[in-house]
Amino acid sequence: MNRERALREYIDKKAQGIEIGPYHNPLVPRRLGYNTTSLDIFDAAELRRRAAADPNIPDDHISLIEEVDLQGSACDIAELVAAKFGTKKFDYIVSSHNFEHLPDPIRFLQGCQEVLAVGGVLSLAVPDRRYCFDFYRPATELSEWLDAFHERRIRPTAGQVFRGAALRSNLLGAGAWVPGTVALPTPEEDLHSAYATWQTGLTAETEPEYTDAHCSAFTPASLELLLADARFLDLIKLETLAIHGPKGCEFFVHLRNPAPGTPPPERSRHYAARAEIMARAAREVIDRTPLRTRVFKRVGRSVRDRGRRVLARIRDGTRGAGR
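As the structure is a prediction and not an experimental result, all values here were calculated from the model.

A. Main features of the side chain of Asp40. Mapped onto the secondary structure, Asp40 falls in strand β2 (residues 35-40). The buried charged residue Asp40 lacks any salt bridge, with Arg50 as its nearest oppositely charged partner at 8.0 Å. Side-chain polar atoms of Asp40 contact the backbone nitrogen of Phe42, separated by 3.2 Å. If we skip the residues at most four places from it in the chain, Asp40 touches Gly21, Pro22, Tyr23, Leu47, Val68, Leu70, Gln71 and Gly72.

Here you go:
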C-alpha cells in the first residue's frame, strides 16, 4: 500500500474532512473531488510565496496549493472550527508530518476528538526517528506531553529547539540507513550554534521569533504507548484503530473517535497491553539485526524447537501426537 492509499484508508470523497498543513502536496485535494477544509498557520498567498522561494519545491507544485479555510495553529483546531463552523462535526482529519511539530500534542488530540463526528478518524503520517535526522534523539515520553499540556505551550521551547539541533544527524530520508548496516548516521557538528540559540531563547527580553522544531520524536510502538497511556488516564478519548509501518522513513496512525461516554480501558487489560507495547518499543531500539537475519533466526529457532518436541515424543512414545 502506497502512502496516499495508507492515509486515505478511512476517507471517502463524499465525507467531509479537514487536512492539516497540506502545503504544496495535499493528500485530499478539492481538485480531485474531496470535500476538504484546509487548515494552515499561513494563508494561501504566503504559502505560495514561500514555495516559490524554496528551490526544493518544483514550480508546478505551487499551483497545487489550495485556499486556506482555517488559519492558525493545529493545536487550536477546536477553536478555529467553532469560530467558522459552529458545532459542525467532520468525518475525518488527515495530517502528514505535522504531528511531531506540535507544541502541545494532548491539546491537539483533544481538539480533534471535539470536531470529529462519532466514528470519525484522525489519520497521521509520522516520521520514524530511526530513519530520519532524529536518529540519535530519545523517543518522547508522556511526561513531556504532560508538561506541554500543563503549560499550554504555543511554540517549541528553547530546550526542544536545542535538542533537535544538538542531536541532529545527516540522515535525511528513507533508505539512507537500515538496521544492521555497519555505518551509522553521522551526527552534525553544530553544538555551539545550538547552544547560542538556546541562550538567546532564554534571555530575550521580548518573545523571540517562532523557531520550528520536532517537539516530539517517535517509533511506531513508542507513539502507540503514548496514546494508550493518555487514553487510560482519560486525557484523550481517541482509540487507536491501526498503526502501519514503518514504510520508508515514516509510519501511519489511524485513531477513531468513540461514542460519548466510552470509558477508558479496564485497568488489568490496559497494563497487560502496555507491557506488550513497551516490549515492542524496547525491541525497536535495540534490535539492529537485518530483517533477513531476523527471519532466518526465527525460522531456525522454530525448526530447533520442533526437533526437540519430536525427540521428546519419541522418548515418551507419543511421536506424531499433537501435530
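We are not done yet, so read on.
B. View of the packing of aromatic side chains. For the coordinates displayed, the defined rule picks out eight aromatic pairs. Look at Phe99 and Phe218: their rings are 5.7 Å apart centre to centre, the planes differ by 20°, and that puts the pair in the stacked class. Of this pair, Phe99 sits in the loop between β4 (90-96) and α4 (105-115) while Phe218 sits in the loop between α7 (191-203) and α8 (220-232), placing them 119 residues apart in sequence. For the pair shown, Phe99 and Phe218 are each scored as buried. Ring geometry for Phe135 versus Tyr136: centroids 4.8 Å apart, planes at 80°, classification edge-to-face. Its end group placed over the ring of Tyr34, Lys13 keeps NZ or CZ at 5.2 Å from the ring centre. The ring of Phe133 has Arg168 sitting right over it, with the charged end atom 3.9 Å from the ring centre.

C. Just a nonpolar patch on the surface, in detail. A contiguous nonpolar surface patch, about 230 Å² in accessible area, is contributed by Tyr136, Leu167 and Leu184. Within the secondary structure layout, Leu184 lies in the loop between α6 (158-166) and α7.

D. Main features of α6. All of the buried residues along α6 are Ala158, Gln160, Val161 and Gly164. The arc that holds every buried residue of α6, seen down its axis, measures 165°, which confines them to one face. Residues of α6 that are buried sit in contact with α7.

E. Highlighting helix α3 (residues 77-85). Taken together, the buried positions of α3 are occupied by Ile77, Ala78, Leu80 and Val81. Down the axis of α3, the sector holding all buried residues measures 165°, keeping them to one side. Looking at the buried side of α3, the elements it contacts are β1 (16-20), β2, β3 (70-71), β4 and α4. Of the residues one or two after α3, Gly86 is the one with positive phi, at around 70°.

F. Here's a closer look at the packing of α8 against helix α9 (residues 267-286). Following both chains from N to C, one finds α8 and α9 inclined at 160°, their axes separated by 8 Å at the closest point. Relative to α9, the element α8 is oriented roughly antiparallel. The handedness of the crossing between α8 and α9 comes out as left-handed. Each of Pro220, Ala221, Ser222, Glu224, Leu225, Ala228, Asp229 and Phe232 in α8 lies in contact with α9, whose residues at this interface are Arg267, His270, Tyr271, Arg274, Ile277, Met278, Arg280, Ala281 and Glu284. Classifying every residue of the contact of α8 with α9 by side-chain character gives nine nonpolar, two polar and six charged.

G. Just unusual backbone geometry, in detail. Put simply, Gly245 and Pro246 share a cis peptide bond, and its omega is 15°. Within the secondary structure, Pro246 is located in strand β6 (residues 239-247). For His97, which is not glycine, the phi dihedral falls at a positive 55°. Located in the positive-phi region is Asp234, a residue other than glycine, with phi close to 65°.

H. Geometry of the pattern of salt bridges. All told, the structure shown has 19 salt bridges when counted by the stated rule. A salt bridge links Glu239 to Arg231; the shortest N-O distance between them is 3.1 Å. A salt bridge links Glu276 to Arg280, with the nearest nitrogen and oxygen atoms 2.6 Å apart. Of this pair, Glu276 and Arg280 are both found in helix α9, four residues apart, which corresponds to roughly one turn of the helix. Within the structure, one salt-bridge network assembled from shared partners comprises Asp76, Glu79, Arg107 and Arg152.

Here is what the cut-offs are and how they apply
- Residues numbered from 1 in each chain as written.
- Predicted model: local features only at pLDDT ≥ 70, side-chain atom pairs only at ≥ 80, totals over all residues.
- Heavy atoms only, no water.
- Helix = DSSP H or I, 4+ residues; strand = E, 2+ residues; numbered from the N terminus.
- Buried < 20%, exposed > 50% of the residue type's maximum accessible area, 1.4 Å probe, protein only.
- Lys, Arg positive; Asp, Glu negative; His and termini not counted.
- Salt bridge = Lys/Arg side-chain N within 4 Å of Asp/Glu carboxyl O.
- Polar contact = N/O pair within 3.5 Å; in protein donor to acceptor, adjacent residues only side chain to side chain.
- Contact = heavy atoms within 4.5 Å.
- Phe/Tyr/Trp six-rings, centres within 6.5 Å; stacked < 30°, edge-to-face > 60°.
- Lys NZ or Arg CZ within 6 Å of the ring centre and 35° of its normal.
- Patch = residues over 30% accessible without salt bridge, like charges linked within 9 Å, V, L, I, M, F, W, Y side chains within 5 Å.
- Areas by Shrake-Rupley, 256 points an atom, 1.4 Å probe, with all protein chains shown as cover.
- Arc of directions from axis to C-beta.
- Axes fitted to C-alpha atoms, helices over the stretch in contact; angles between N-to-C directions.
- Parallel < 35°, antiparallel > 145°, perpendicular 65-115°, else oblique.
- Left-handed = near helix turned anticlockwise from the far one by under 90°.
- Nonpolar A, V, L, I, M, F, W, Y, C, P; charged D, E, K, R; others polar.

Shape descriptors only; they carry no functional weight alone.
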